[in-house]
Each structure stands twice: as structure tokens, then as C-alpha cells.
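What follows is the residue order along each chain.
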Amino acid sequence: MDIRPPNFDIDDARRTNECACVFDRLATQIAIEAENAGWLQSEVALALADAAERYVMHVAAGTHETPVAANSNAAREA
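A few points on the structure.

About the criteria used
Residues numbered from 1 in each chain as written. Predicted model: local features only at pLDDT ≥ 70, side-chain atom pairs only at ≥ 80, totals over all residues. Heavy atoms only, no water. Helix = DSSP H or I, 4+ residues; strand = E, 2+ residues; numbered from the N terminus. Disulfide = S-S within 2.5 Å. Salt bridge = Lys/Arg side-chain N within 4 Å of Asp/Glu carboxyl O. Buried < 20%, exposed > 50% of the residue type's maximum accessible area, 1.4 Å probe, protein only. Axes fitted to C-alpha atoms, helices over the stretch in contact; angles between N-to-C directions. Parallel < 35°, antiparallel > 145°, perpendicular 65-115°, else oblique. Left-handed = near helix turned anticlockwise from the far one by under 90°. Contact = heavy atoms within 4.5 Å.

As for the environment of I32
Summarising the element assignment, I32 is placed in helix α1 (residues 14–36). Put simply, I32 and V44 are twelve residues apart on the chain and 9.1 Å apart in space, counted from C-alpha to C-alpha.

Quick look at the state of the cysteines
What the rule picks out here adds up to zero disulfides. Note on C19: no disulfide assigned, nearest cysteine sulfur contributed by C21 at a separation of 9.3 Å.

Some points on the environment of E33
As for its placement among the helices and strands, E33 is situated in helix α1. Put simply, E33 and V44 are eleven residues apart on the chain and 9.8 Å apart in space, counted from C-alpha to C-alpha.

Some words on the pattern of salt bridges
For the structure on display, the rule yields two salt bridges. The partner of R4 in a salt bridge is D2, with the nearest N and O atoms 3.3 Å apart. Taking relative accessible area as the criterion, R4 reaches 62% and is therefore assigned exposed. A salt bridge links D12 to R14; the nearest nitrogen and oxygen atoms lie 2.7 Å apart.

Topic: the packing of α1 against helix α2 (residues 41–61)
At a minimum axis distance of 9 Å, the contact between α1 and α2 shows a crossing angle of 140°. With respect to each other, α1 and α2 are oriented oblique. Considering how the two elements wind past one another, α1 and α2 form a crossing that is right-handed. Residues A27, I30, A31, A34 and E35 of α1 form the contact with α2, whose own contacting residues are Q41, V44 and L48.

Encoded structure:
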């Protein structure tokens with residue numbers, strides 16, 4: 001996946017549109033690959049929407065820990 005950093009500062013109104021364009025492109029790429037793999041367009045659309053909703057709920061919950069694999073021997077950062 002090729003995700004480049006933002007071109008605009010956090011307080012620049014253009015940043016929101018840039019982010020939307022990046023994620024529109026990524027969602028389209030994911031959908032095309034999933035459909036080419038045999039998933040129905042309706043399944044892909046719902047799965048993408050559900051994943052986005054789960055991520056919004058994660059952010060809203062305020063648990064911003066970096067996910068770590070269950071078998072990881074690395075210590076979690078505080």
C-alpha cells in the first residue's frame with residue numbers, strides 16, 4: 001500500500017479533502033481486488049463500511065494503544 005504523508009499542515013482546510021481523496025483511492029483499490037478475488041460487490045461494500053465503523057468506535061473509545069501480536073515478545077510502549 002502506498003500511503004504518502006499529508007501535504008498540508010493540520011490546520012489547513014485542504015488537509016481534510018486530501019485525506020478523503022487518499023482513502024477513496026485506497027477503498028476503491030481494496031474493492032477492486034476483493035471483487036477480482038470473487039467477493040460480491042455488495043459484500044465488499046458492507047465489509048468496508050463495517051470496518052470503517054469499527055475503527056470510528058475504536059477511536060471514540062479512546063483506546064489508542066498500538067496493536068501488538070499476541071505472540072509478540074516485544075514490550076509494549078507506555
